[in-house]
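Residue-level listing of the chains:
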Amino acid sequence: MKQLESTSLVLLHHHLKALRLPTITAECEKLARQAAADNADHLTYLLQLTELELLERERKAAERRLKAAHFPTHKTLEGFDFAARPSVNKLLVCELARCEYIERRENVLFVGNPGTGKTHLATALGMAACGRGYRVRFFRLTELATLLMEARDERSLLGLKARLAKLDLLIVDELGYVPASKVGAELLFDVISSAYERTSLIVTTNLPFESWTEVLGSERLTGATLDRLTHRCQIIETKGESYRLRDAKAKLRTEGGGGRSSDRDRPRRNALEGGETSS
Ligand code: ADP
Ligand code: MG
């Protein structure tokens, strides 16, 4: 009897491996003992096993999507202090996290000064989309422009564009820090045009629209890019001072409270209170 059982088990493991059901392979014996103890019928046992396999598959797929998205850091909406950024409508952002805009192929634009949470919010929305099964890719603008130019030089631009076209959500962070080259700007415009009404875009920028020409070069290209980007788009302004600066100031106030501040702190505090530095 024992001999027969172990032969069946070896065969079962072989079949499960051939069927690519690793979680069922790992859990079937433990769950069988549990089912026997609970007097559960065969169908209930099978249901439990298949549920475990599905859950594990979904977990691994979500992990793969998150990795493929290349987020610079992991940020969530729970970690965002909305009270500190009243210009950002919490209800709207929470609604965006439900990803219906992706189904409608709409865009989101975050506009605001450095340190005001644009990358945080864009990443959090991107991670929420990954969690819901959407294919997401995060790029800093300069990184995307370089990748496009390299692909063009290597004659692999079509392949890269085909990969971008498979995305549900493309995030382009930091439009405005470094002016793109003429070729880079044209390639970026091409990506934005191709995404238009097919892939949702999230773009973050510290530049008001009238200054986009400085980055994209020509007025014609800027006009056309803005036209496509802002058609069916939520524009969210992150007004106010930098969160990093606010944090640093609060820290200095606590450390400096009660007359304990040293001379060493003084120049830095003056610099912080003198206004915002760009990052
Ligand atoms: P930006 O992209 O606008 O320059 P970031 O999103 O990079 O700003 O924000 C700078 C840092 O401050 C990040 O570590 C971010 O997580 C944090 N941060 C910004 N705003 C908030 C906020 N309202 N609540 C919590 N953390 C914030
Ligand atoms: Mg940023």
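I will try to describe carefully the structure that is included in this document. Bear in mind the structure is a predicted one, so any value in this text is a computation, not a measurement. (Residues numbered from 1 in each chain as written. Chains lettered and ligands numbered in written order. Predicted model: local features only at pLDDT ≥ 70, side-chain atom pairs only at ≥ 80, totals over all residues. Heavy atoms only, no water.)

## Details of the nonpolar core
Turning to step 1, where the next piece is worked out: Of all hydrophobic cores here, the largest spans 32 residues; its most connected members are Leu-144, Leu-148, Leu-164, Leu-170, Val-203, Trp-212 and Leu-229.
Turning to step 2, where the next piece is worked out: Secondary-structure elements contributing two or more residues to this core are strand S1 (107–112), helix H7 (141–153), helix H8 (157–165), strand S3 (169–175), helix H9 (182–195), strand S4 (200–205), helix H10 (212–216) and helix H11 (219–230).
Turning to step 3, where the next piece is worked out: In terms of residue count, the dominant contributor to this core is H9 (seven residues).
Turning to step 4, where the next piece is worked out: Beyond its immediate stretch of four places on either side in the chain, Leu-148 contacts Leu-157, Leu-160, Leu-187, Leu-188 and Val-191.
Turning to step 5, where the next piece is worked out: The next biggest cluster of nonpolar side chains, apart from the first, holds 29 residues, and it includes Phe-82, Cys-99, Leu-125 and Leu-169. (Core = buried A, V, L, I, M, F, W, Y, C linked by side-chain atoms within 4.5 Å. Buried < 20%, exposed > 50% of the residue type's maximum accessible area, 1.4 Å probe, protein only. Helix = DSSP H or I, 4+ residues; strand = E, 2+ residues; numbered from the N terminus. Contact = heavy atoms within 4.5 Å.)

## What to know about the pairing of S3
Turning to step 1, where the next piece is worked out: Most of S3 is tucked away, with six of its seven residues classed as buried.
Turning to step 2, where the next piece is worked out: Pairing geometry for strand S2 (residues 136–140) and S3, over five bridges, is parallel. Looking at S3, one finds that Phe-139 is bridged to Val-172.
Turning to step 3, where the next piece is worked out: As paired elements, S3 and S4 share five bridges and run parallel to each other. What sits directly across from Leu-170, in S4, is Leu-201. (Pairing = 2+ DSSP bridges.)

## Describing the side chain of Thr-222
Turning to step 1, where the next piece is worked out: Tracing the chain through its elements places Thr-222 in helix H11.
Turning to step 2, where the next piece is worked out: Take Thr-222: its relative accessible area is 4%, and that puts it in the buried class.
Turning to step 3, where the next piece is worked out: A distance of 2.8 Å separates a polar side-chain atom of Thr-222 from the backbone oxygen of Ser-218.
Turning to step 4, where the next piece is worked out: The residues touching Thr-222, leaving out its near neighbours within four places in the chain, are Trp-212, Thr-213 and Leu-216. (Polar contact = N/O pair within 3.5 Å; in protein donor to acceptor, adjacent residues only side chain to side chain.)

## A look at H8
Three- or four-residue spacings in an α-helix give side chains the same orientation, since the helix completes a turn every 3.6 residues.
Turning to step 1, where the next piece is worked out: Along H8, the residues that are buried comprise Leu-157, Leu-160 and Leu-164. The buried side chains of H8 occupy one side of the element, clustering within an arc of 65 degrees when seen end-on. More than 90 degrees from the buried face of H8, the exposed residues found are Leu-158 and Arg-163.
Turning to step 2, where the next piece is worked out: Tucked into the core, H8 has its buried residues touching S2, H7, S3 and H9. (Arc of directions from axis to C-beta.)

## A closer look at helix H6 (residues 118–131)
Turning to step 1, where the next piece is worked out: Taking 1.5 Å per residue, 14 residues should reach 20 Å; H6 reaches 20 Å between its end C-alpha atoms and fits that length.
Turning to step 2, where the next piece is worked out: Counting buried positions along H6 gives eleven out of 14 residues, so the element sits mostly inside the fold.
Turning to step 3, where the next piece is worked out: Three or more residues of H6 are buried, namely Lys-118, His-120, Leu-121, Ala-122, Thr-123, Ala-124, Leu-125, Gly-126, Met-127, Ala-129 and Cys-130. (Expected span 1.5 Å × (residues − 1).)

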